[in-house]
Amino acid sequence: FFFLMMRRPPRSTQSRSSAASDVYKRQEYMGLKTEKNSAIFAYYQVGEGSDDRSRALSELLQNFIKDKTFNQLRTNEQLGYIVFGLSYTDLLVNGVGFIIQSTTAHPKYLSERISACTELLISNAEALTDEEFQKYIESVRLTILKKHLNIFQEAGLYWSEVDAHDYAFDRRERKVAALKTLTKEDLIQHLKQVFTEQRRCLEVHSLAKVHQDAYESHEIKPSRNFPVIRSARAFQKLHSTYRNLKAFK
């Protein structure tokens, strides 16, 4: 089975718990009754951020979460063989994603563990020493300035600027300059904004037949009915955070 779930915070509050307030669900049967792996993709939307500082902060976030997510969800909790967290930008909108493929747990349980992991990430950031934080900064700097492996990789980088109509061909140097201005408090506040204060989460659930009963009996609180998304385009138009794509056509 394939599920699509969108979670947003209540309009009347500035903070939220890990439970969903607005949840949309689309369900499709994908066949493959012998498949034993369930999976989840949880996407947290950060928002538009095409300036150099936002991009640098996004790369710092990815560097911070990737190893900690792997260690917590795979090494410690052993939820599955494929586990990772990533931060990326699509059409100038920044986001953070978590992917888990598991033979032992269904997607609703994996969703709860990802939510718990995001709380742990905030605690880990708050516990960073200044020296540890600077090591993350240096690691991101080296990644940004990493030499291109071939001319196709370099051309792809420049073409992405043309495709986005930005034409910032010195993007790497500008991001490094912006990276130097970031502080530990910037990282902590960014984590809180993404995962608690302004949480906007899209989840895609892939459910194995062997996990179906456990999945259906697992209650998500607060319980609510899920309106079905029948048109992706109509759903996108309901949300101000969906970017107008006319400039990219």
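Quick notes on helix 2 (residues 107–126)
Taking 1.5 Å of rise per residue, 20 residues should cover 28 Å, and helix 2 covers 29 Å from first to last C-alpha, within 8% of that figure. Looking only at helix 2, the buried set comprises Pro107, Lys108, Leu110, Ser111, Ile114, Ser115, Cys117, Thr118, Leu121, Ile122 and Ala125.

Some remarks on a nonpolar patch on the surface
Together, Leu157, Tyr158, Tyr167 and Phe169 line one region of the surface with nonpolar side chains, adding up to about 380 Å² of accessible area. Structurally, Phe169 is set in the loop between helix 4 (151–163) and helix 5 (171–179).

Section: the side chain of Lys108
One can find Lys108 in helix 2. Despite being buried, Lys108 has no salt bridge partner; Glu216 is the closest side chain of opposite charge, sitting 8.2 Å away.

Re helix 6 (residues 184–197)
Helical periodicity: at 3.6 residues per turn, an α-helix aligns residues three or four positions apart in one direction. The terminal C-alpha atoms of helix 6 lie 18 Å apart, and with 14 residues this matches the ideal 20 Å at 1.5 Å per residue to within 8%. Buried within helix 6 are the following residues: Leu187, Ile188, His190, Leu191, Val194 and Phe195. Within helix 6, the buried residues cover an arc of 165 degrees as seen down the axis, which keeps them to one side. Residues of helix 6 that are buried sit in contact with strand 3 (38–48), helix 1 (52–76), strand 5 (93–102), helix 2 and helix 3 (130–144).

Topic: the confidence of the model for the protein
For the protein, the mean per-residue pLDDT works out to 80, and 78% of the residues sit at or above 70. Contacts from residues 10–23, a stretch scored under 50 in pLDDT, to residues over four places away or in other chains number 35 contacts. In this model residues 222–226 is a low-confidence stretch, pLDDT under 50, and it forms nine contacts with partners more than four residues away in sequence or in other chains.

Some points on the environment of His190
If you trace the backbone, His190 turns up in helix 6. Sequence-wise, His190 and Ile122 are 68 residues apart; in three dimensions their C-alpha atoms are separated by 9.3 Å. If sequence neighbours within four positions are ignored, His190 has contacts with Val46, Leu57 and Leu61.

Examining the pattern of salt bridges
Pairs can form between side chains of opposite charge once their charged atoms are near each other. Taken as a whole and assessed by the stated rule, the structure comprises nine salt bridges. Ionic pairing is found between Asp52 and Arg171, a salt bridge with its closest N-O pair at 2.9 Å. Within this pair, whereas Asp52 is found in helix 1, its partner Arg171 is found in helix 5, the two being separated by 119 residues in sequence. By relative accessible area, Asp52 is classed as buried at 15%. With its nearest N and O atoms 3.5 Å apart, the salt bridge here joins Asp170 to Arg174. The partly exposed category is assigned to Asp170, whose relative accessible area is 39%.

Each value, and the rule that gives it
- Each chain has its residues counted from 1, running along the sequence as written.
- With pLDDT at 70 or above as the cut-off, local features in this predicted model cover only qualifying residues; side-chain atom pairs require 80 or more to be listed or tallied, and sums for whole chains, interfaces and linings still use all residues.
- Heavy atoms from the whole structure form the basis of all side-chain values; hydrogens and water molecules are not counted.
- Numbering of helices and strands starts at the N terminus; helices are DSSP runs of H or I of at least 4 residues and strands are runs of E of at least 2.
- One fewer than the residue count of a helix, multiplied by 1.5 Å, yields its expected span.
- Categorising residues by exposure relies on relative accessible area from a 1.4 Å probe, with only protein chains included: less than 20% of the type maximum marks a residue as buried, more than 50% marks it as exposed, and the intermediate range marks it as partly exposed.
- Like-charged residues within 9 Å of one another, or nonpolar side chains (Val, Leu, Ile, Met, Phe, Trp, Tyr) within 5 Å, are grouped into patches, provided each residue has over 30% relative accessible area and no salt bridge.
- Under the convention used here, a 1.4 Å probe and the Shrake-Rupley method define accessible areas, while residue burial counts only the protein chains that appear.
- Within this document, salt bridges are pairs made up of a side-chain nitrogen of Lys or Arg and a carboxyl oxygen of Asp or Glu, the two lying within 4 Å of each other.
- We score Asp and Glu as negative and Lys and Arg as positive, and we do not count His or the chain ends.
- Each C-beta atom gives one direction from the helix axis, and the arc is the one those directions make.
- When checking whether two residues touch, look at their non-hydrogen atoms; a contact exists if any pair is within 4.5 Å.
- Residue-level confidence of the predictor is what pLDDT reports, using numbers from 0 through 100.

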